Amino acid sequence: MRIAALLLFLALPLSAKEIASIVPLGQVTLPHLFNYDNTPVGGLSGLSYDAKTDTFVAISDDRSKKAPARYYVLKAEMDQGRLKKVELVAHHTLTVKGRAYGDGKIDAEGIALAGKRLFISSEGDAARGLPPFVGEYTASGELKRYLPLPGAFVPKGHFGIRNNLAFESLTASPDGHTLYTATESALVQDGPEATTRNTSGVRILSYNLKTGKAGAQYRYDIDKAPEGVFAMNGLADMEALDNQGHLLALERSFSVPDGFDIRLYQVSTQGATDIRAFTSQQGHPVVPVKKTLLASFTALGVPLDNAEGLALGPKLNDGSQLLLMVADDNFSDLQQSWFWAFAVRFKP
């Protein structure tokens, strides 16, 4: 009986996390296109937290046009439970065999730390036939290797990723064993983009970091686009909450004339269909991941902009955990590099 009970206990999922509440803790902006280490700061599109140094890493989506493709290291300073400032402390150029990426060769959108390992995702350029990728880099920004890309994502004719709607997100499980990325919108062969009439079934792609191989894929149904003359919606980033496939997802929509809308969802891959064997989702019975709305920026009274990155940070004094989010200003003087802070509490 004792052995049977022990085996049953070992089979149970451990450290599963579900979010109970999200409370805003203020926001700050960086000066528009201010110069840091001879680079214009902008296009911040992804975040990850390094607990050992109590810093965040942020990727810029500059396609080596304004400066070589790069990522930044920054510190978030809290004061009396509110976000006081965000300060850049380092920057690293992304290189391949010692040379920076050429103009348009990378569209870095996601960044994730898995222990000491650094990963960066690129959307590619479907219009030019450049596939997306996930690469492992050294801390100084030098490429170590590209992870294998399943064929379903390679753009070719009416197939693969849509232009500028590919690997926007990247996150690693807390144990550093699993990496997740996802397309911002559905692959061409999987179905339409989100419109005011229909959702869009994007693909979450996982990697086994022990083997370096691509793993399970799951369907995530993003919301319909809002009403408007022009409207879109996409999956902008994810954050792994535990080692059992629970994720925090950021959906960001835009419409004319209403502008941006931002929503956070709790996601569970448990029970979802593994669609890695399906070149197209069409014609297959697919159970998507489960998603539950946690909060919207509108309901929270938080300023709206082009939110594209999020990361869980350190524990706060009251026992909650810091969630930091960032907006991509598109290097435009009509937008801002916002940083939003939230206190996240998990269910017991």
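Report on the accompanying structure. (Residues numbered from 1 in each chain as written. Predicted model: local features only at pLDDT ≥ 70, side-chain atom pairs only at ≥ 80, totals over all residues. Heavy atoms only, no water.)

Digging into the nonpolar core
Consideration 1: Grouped together as the largest cluster of nonpolar side chains are 23 residues, with contacts concentrated most on Leu44, Leu74 and Phe339.
Consideration 2: Residue assignment for this core shows that the elements contributing at least two residues are strand E1 (19-30), strand E4 (44-50), strand E5 (55-60), strand E6 (70-79), strand E7 (82-93), strand E23 (321-327) and strand E24 (337-346).
Consideration 3: Setting aside anything within four residues of it in sequence, one finds phenylalanine 339 in contact with Gly26, Gln27, Val28, Leu30, Leu44, Leu47, Leu74, Leu83, Val86, Leu324, Met325 and Val326.
Consideration 4: Residues Leu248, Leu250, Leu323 and Trp340 belong to the second largest nonpolar core, which totals 20 residues. (Core = buried A, V, L, I, M, F, W, Y, C linked by side-chain atoms within 4.5 Å. Buried < 20%, exposed > 50% of the residue type's maximum accessible area, 1.4 Å probe, protein only. Helix = DSSP H or I, 4+ residues; strand = E, 2+ residues; numbered from the N terminus. Contact = heavy atoms within 4.5 Å.)

A short note on the sheet that holds strand E18 (residues 230-240)
Consideration 1: With antiparallel pairing, 4 strands are arranged side by side in an open sheet as E18-E19-E20-E21. Every interior strand has two partners, whereas the edge strands, E18 and strand E21 (290-296), have only one. This sheet shows a mean twist of 30° between the axes of neighbouring strands, independent of strand direction.
Consideration 2: Examined bridge by bridge, E18 and strand E19 (residues 246-256) share 10 bridges and lie antiparallel to one another. (Pairing = 2+ DSSP bridges. Axes fitted to C-alpha atoms, helices over the stretch in contact; angles between N-to-C directions.)

Here's the deal with the sheet that holds strand E13 (residues 143-146)
Consideration 1: Across the sheet, which stays open at both edges, the 4 strands sit in the order E10-E11-E12-E13 with antiparallel pairing between neighbours. Among the strands making up the open sheet, the edge pair consists of strand E10 (108-114) and E13. Each neighbouring strand pair of the sheet contributes to a mean axis angle of 25°, computed without reference to strand direction.
Consideration 2: In this structure, strand E12 (residues 133-137) lies alongside E13, joined through 3 bridges in antiparallel fashion. Following the sheet pairing, glycine 135 is matched in E13 by tyrosine 146.

Here we look at the pairing of E10
Consideration 1: Judged by how many residues are buried, E10 sits mostly within the fold: 7 of 7 residues are covered.
Consideration 2: Relative to strand E11 (residues 117-122), E10 runs antiparallel, the two being bridged by 6 bridges. Following the sheet pairing, alanine 108 is matched in E11 by serine 122.
Consideration 3: Taking the residues that link successive antiparallel strands as the turn, the E10-E11 hairpin has 2 residues, and the phi of glycine 115 there is positive, at about 65°.

Details of a nonpolar patch on the surface
Consideration 1: On the surface, Val229, Phe230 and Val256 cluster together into a nonpolar patch covering about 300 Å² of accessible area.
Consideration 2: The topology assignment puts phenylalanine 230 in strand E18. (Patch = residues over 30% accessible without salt bridge, like charges linked within 9 Å, V, L, I, M, F, W, Y side chains within 5 Å. Areas by Shrake-Rupley, 256 points an atom, 1.4 Å probe, with all protein chains shown as cover. Salt bridge = Lys/Arg side-chain N within 4 Å of Asp/Glu carboxyl O.)

Some points on the packing of aromatic side chains
Consideration 1: Tallied over the full model, the rule gives 10 aromatic pairs.
Consideration 2: Judged by centre distance (4.8 Å) and plane angle (55°), the rings of phenylalanine 254 and phenylalanine 260 are tilted.
Consideration 3: Classification of phenylalanine 254 as partly exposed rests on a relative accessible area of 25%.
Consideration 4: Seen from their ring centres, tryptophan 338 and tryptophan 340 are 6.3 Å apart, and the 5° between their planes marks the pair as stacked. (Phe/Tyr/Trp six-rings, centres within 6.5 Å; stacked < 30°, edge-to-face > 60°.)

Spatial relationships are all this shows, so hold off on functional conclusions.
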